[in-house]
Amino acid sequence: MPAYRPCFVPFSRRHFLQGGAAVGVSLMAGGTSAWGAETGLNIYNWDTYIGETTLDSFAKKTGIKPRYDLFADNEELYAKLKSGNPGYDLIFPSDYMVELMISTGVIVPLDHGRIPNLTNLNENFTDSSFDPNMKHSVPYMWGTQGFGYRKSKYPNAPTSWSAVFDDAAIGKHSGKIAMLSDNRAVIGGALKYLGHSLNTVDPKEITAAADLILSAKKHYKTFAEDNGQDLLLSREVDLTMEWNGDVVQVMAEDEDLSYLVPAEGAVVWMDNMCVPKDAPNPQNAHAFINHVLDAEVGAEIANTIHYASPNAAAKPLLLTDDLSNPAVYPPDSVIARCEAVIDVGDAARLYDEAWTRIQAG
Amino acid sequence: MENWRDNRSLFAALMVPPTFWLVLFFTLPLALVWIYSFGERGPQGQTLLAFSFANYARALEWIHLGILFKSLAIAALTTAISLLIGLPVALGIAFAPKRWRGLLLVLVILPFWTNLLIRTYAWIAVLRTTGFVNTGLEGAHGALSALLAGLGWPEALGQFEPLSLLYNQRAVVVGLVYVHLPFLILPVYASLEKLDRSYLEASLDLGAGHWRTLVSVLIPLAWPGIASGALLVFILSLGTFLTPDLLGGTDSIMIGNLIAQQFGPSRDWPFGAAISFLLMYLTFAVLWVRAGYANRQQGQVTV
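Residues numbered from 1 in each chain as written. Chains lettered and ligands numbered in written order. Predicted model: local features only at pLDDT ≥ 70, side-chain atom pairs only at ≥ 80, totals over all residues. Heavy atoms only, no water.

1. Some remarks on the overall build of chain B
Logical step 1: Summing up its helical and strand segments, chain B has twelve helices and two strands in all.
Logical step 2: In sequence order, chain B lays out its α and β elements as α-β-β-α-α-α-α-α-α-α-α-α-α-α.
Logical step 3: A compact globule built from 303 residues should have a C-alpha radius of gyration of about 19 Å, whereas chain B, at 25 Å, is more than 25% larger.
Logical step 4: Seen through its C-alpha atoms, chain B measures out along the principal axes to roughly 85 × 70 × 35 Å.
Logical step 5: Classification of the 303 residues of chain B by burial places 38% in the buried group.
Logical step 6: In chain B, the proportion of contacts linking residues at least 24 apart, taken out of those at least 6 apart, comes to 67%.
Logical step 7: One way to put it: in chain B the 17 positive side-chain charges average out to a point 6 Å from where the 14 negative ones average out. (Helix = DSSP H or I, 4+ residues; strand = E, 2+ residues; numbered from the N terminus. Rg over C-alpha atoms; globule rule 2.2 N^0.38 Å. Buried < 20%, exposed > 50% of the residue type's maximum accessible area, 1.4 Å probe, protein only. Contact = heavy atoms within 4.5 Å. Lys, Arg positive; Asp, Glu negative; His and termini not counted. Charge placed at Lys NZ, Arg CZ, Asp CG, Glu CD.)

2. Quick notes on unusual backbone geometry
Logical step 1: Non-glycine residue Asn133(A) carries a positive phi angle of around 60°.
Logical step 2: Mapped onto the elements, Asn133(A) comes out in the loop between helix H3 (95-103) and strand S4 (138-150).
Logical step 3: Taking the relative accessible area as the measure of exposure, Asn133(A) reaches 54% and is therefore exposed.
Logical step 4: Of note in the backbone geometry, Tyr167(B) takes a positive phi value of approximately 60° without being a glycine.
Logical step 5: Structurally, Tyr167(B) is set in the loop between helix H6 (132-150) and helix H7 (169-194).
Logical step 6: Of the residues examined, Tyr167(B) reaches a relative accessible area of 7% and is grouped as buried.

3. Focus on the side chain of Gln229(A)
Logical step 1: With respect to the helices and strands, Gln229(A) occurs in helix H8 (residues 228-233).
Logical step 2: Those residues within four positions of Gln229(A) in sequence are excluded, and the remaining contacts are Thr240(A), Glu242(A), Asp246(A), Gln249(A) and Val250(A).

4. Observations concerning the packing of helix H4 (residues 98-109) of chain B against H7(B)
Residues and elements named next belong to chain B.
Logical step 1: At a minimum axis distance of 10 Å, the contact between H4 and H7 shows a crossing angle of 155°. In this view, H4 runs roughly antiparallel relative to H7, as classed from their interaxial angle. Note on packing geometry: the crossing formed by H4 with H7 is left-handed. When H4 is examined against H7, the residues Arg101, Leu105, Val108 and Ile109 are found in contact with a partner set consisting of Pro182, Ile185, Leu186, Tyr189 and Glu193. (Axes fitted to C-alpha atoms, helices over the stretch in contact; angles between N-to-C directions. Parallel < 35°, antiparallel > 145°, perpendicular 65-115°, else oblique. Left-handed = near helix turned anticlockwise from the far one by under 90°.)

5. Some thoughts on the domain arrangement of chain B
Residues and elements named next belong to chain B.
Logical step 1: When the domains of chain B are assigned, the result is domain 1 (61-128 + 165-302) and domain 2 (132-163).
Logical step 2: Measuring from the centre of the C-alpha atoms in domain 1 to the corresponding centre in domain 2 gives 38 Å.
Logical step 3: With five residues of domain 1 at the interface, the matching set in domain 2 holds four residues.
Logical step 4: The contact between domain 1 and domain 2 buries some 410 Å² in all, and 61% of this surface belongs to carbon and sulfur atoms. (Domains from an automatic or database assignment. Buried area = accessible area lost by both parts, 1.4 Å probe.)

6. Looking at the domain arrangement of chain A
Residues and elements named next belong to chain A.
Logical step 1: Taken domain by domain, chain A comprises domain 1 (41-142 + 270-330) and domain 2 (143-267 + 338-360).
Logical step 2: The C-alpha-based centres of domain 1 and domain 2 are spaced at 27 Å.
Logical step 3: On the domain 2 side, the residues contacting the 14 residues of domain 1 number twelve residues.
Logical step 4: Of the roughly 1100 Å² buried between domain 1 and domain 2 on both sides combined, carbon and sulfur atoms contribute 61%.
Logical step 5: Where domain 1 packs against domain 2, one counts zero salt bridges.
Logical step 6: Across the domain 1-domain 2 interface, the total number found is two residue pairs in polar contact (both at pLDDT 80 or more). (Salt bridge = Lys/Arg side-chain N within 4 Å of Asp/Glu carboxyl O. Polar contact = N/O pair within 3.5 Å; in protein donor to acceptor, adjacent residues only side chain to side chain.)

7. What to know about the environment of Gln261(B)
Logical step 1: Its location among the elements puts Gln261(B) in helix H11 (residues 255-263).
Logical step 2: Placed 229 residues apart in sequence, Gln261(B) and Leu32(B) show a C-alpha to C-alpha distance of 19 Å.
Logical step 3: If sequence neighbours within four positions are ignored, Gln261(B) has contacts with Trp355(A), Thr356(A), Gln359(A), Ile253(B), Ser266(B) and Arg267(B).

8. Thoughts on the interface of chain A and chain B
Logical step 1: Residue-level contacts link 41 residues of chain A with 32 residues of chain B.
Logical step 2: When the two sides are added together, the surface that chain A and chain B hide from each other amounts to roughly 3200 Å², 58% of it contributed by carbon and sulfur.
Logical step 3: Of the charged contacts in the structure, one is a salt bridge between Arg267(B) and Asp343(A), with a shortest N-O distance of 3.0 Å.
Logical step 4: Joining chain A to chain B, the criterion identifies ten residue pairs in polar contact (both at pLDDT 80 or more).
Logical step 5: Contributions of two or more residues to the side of chain A that touches chain B are made by helix H2 (74-82), H3, strand S6 (220-224) and helix H14 (348-360) of chain A.

9. Considerations on the pairing of strand S5 (residues 177-180) of chain A
All names here are of chain A.
Logical step 1: Residues Ile177 and Met179 point to one face of S5 and Ala178 and Leu180 to the other, with burial holding for every one of them.
Logical step 2: As judged from the four bridges shared by S5 and S6, these two strands associate in the parallel manner. Paired with isoleucine 177 across the two strands is tyrosine 220, which belongs to S6.
Logical step 3: Two strands pair when backbone bridges link them, and S5 and strand S7 (residues 239-243) are joined in this way by two bridges, in the parallel orientation. (Pairing = 2+ DSSP bridges.)

10. Section: H3(A)
Think of an α-helix as turning once every 3.6 residues; residues three or four places apart then point the same way.
All names here are of chain A.
Logical step 1: Here H3 lies mainly inside the structure; seven of its nine residues are buried.
Logical step 2: All of the buried residues along H3 are Asp95, Tyr96, Met97, Val98, Glu99, Leu100 and Met101.
Logical step 3: Packing partners of the buried residues in H3 comprise H2, strand S3 (90-91) and strand S9 (268-273).
Logical step 4: The first or second residue beyond H3 is glycine 105, which carries a positive phi of 70°.

Structure representation (structure tokens):
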């Protein structure tokens, strides 16, 4: 999920400072034996991003005991795999990273015949722009970026991007706003506000978005390193741009906090299960994907980590608190205007230069 | 000690592991980054080998130079403040009774036992709007207001407004000084400890005051340690990226952040490598000036 997160900070996925640095390991166990029989399963996932019983129930069902490693962000995952697979069988890259991994041959096509539970998926998620028809990836969890805000400070909910880009709408909240320190997300928000796609490659549109952010920058307290939820909770800011999962976490601690996705649309993210090239146990990886797509297993994961599940069969088993929470499942009409961040190739430099200009200005 | 010329084979044998270590973990990776710095970013963010100075040209654009100059200024300010705090502390430790020195040194080194990230986050807890400083001030303000109200001035102090201490350039400098201070104190202490105290006695006996002895005798004698410490603080804070990321505001980007961005989200390793080397050339230049200065000083001593 957290696309374009700085690669050095060992923030865990949901609970900052809880997991510490992602563990880098070289995997020795679980290689293919001389007869070609697969002996194990090496999973590489985000921190705090799986159910409590998922691994055990898989071991019980199949007799395969998975090894489980953690990474901190997409860039770290990519850096680990691009110069050769150190031994992982199953990885969980986000949308734009799936696209990049397909084009650089880091992940291999999936054998849908081995994943009968694919039919459990909600059809909205089975044909994404970054990987049509799930050829290389199966959706795992999804979510959005939007505003976490303090309800008592906003009598009228900040339903538009104008809440962070328009002087009049910002008003007395000046200096009490935090933005994400995330190039594509912040510029993407400005692009959405201006009525453009957040994946545009038009230099004029990107420049206009950067100018808009520069003109509003004086109102921002900081570009938060994915700790905007802490700023919100400690009343440092009234509104923060954040990943929904992070805001859900602090909403549980403070009833005055809420979350919404701006009406113009924002970033929708999806994390996916993929099999990297040269995986020692690709068949076991397929079996695990199928296991996760099981209705009960999928529901147990979603109910543990409170992210939105793309698993339609799991829906009746999901916690009603999550289902009715706009931070987990925003209205469909808003989702329809959201876009996944996709890799823009050479235009990435336009975004990078705009971002440097924003930070230096 | 034996002269190394007397036992060349033993000397060579002893030199193999460190040389191997240096080449494998320092020279080779650095050479790789140097080669990258002439490369090109592919459309998917791959590093394509090439021979182009485009990355260096880009690194020398005004916007990037502006970030570099700002980083130099922040590093210089950090060094100056570290000197102001670190010199008296080092002096205090060096001239403390012997049985206290060990304990005082441990206190200087102690923060290193905690992760840098945690220590930086601790500063957030201290400086933020509802942090220790502001809540402390608010308490003092409340107590004083109550006191003045009791004396007949109910509205004398007005409403308490928390200070904005975090998310600005000042917070970055505070964080940098805090993190790097031990790197200044330790070398200065080391040179003060070795110092022959009879020079100071001679200076005092010959009629110089304490201040004069400090400026004309002690500081010149401790100068190698002071220079090394200051240089360490300067170089370390010049390349920092964590502190401005966590404590800085919307314009606190430093050259280290720019480099981290290129190797991270931007996936533009060639450009990141070029900026890194620009920074490295700058560091080498500073070290070279320092080495030249040290040589000249040694020359003066022998004359």
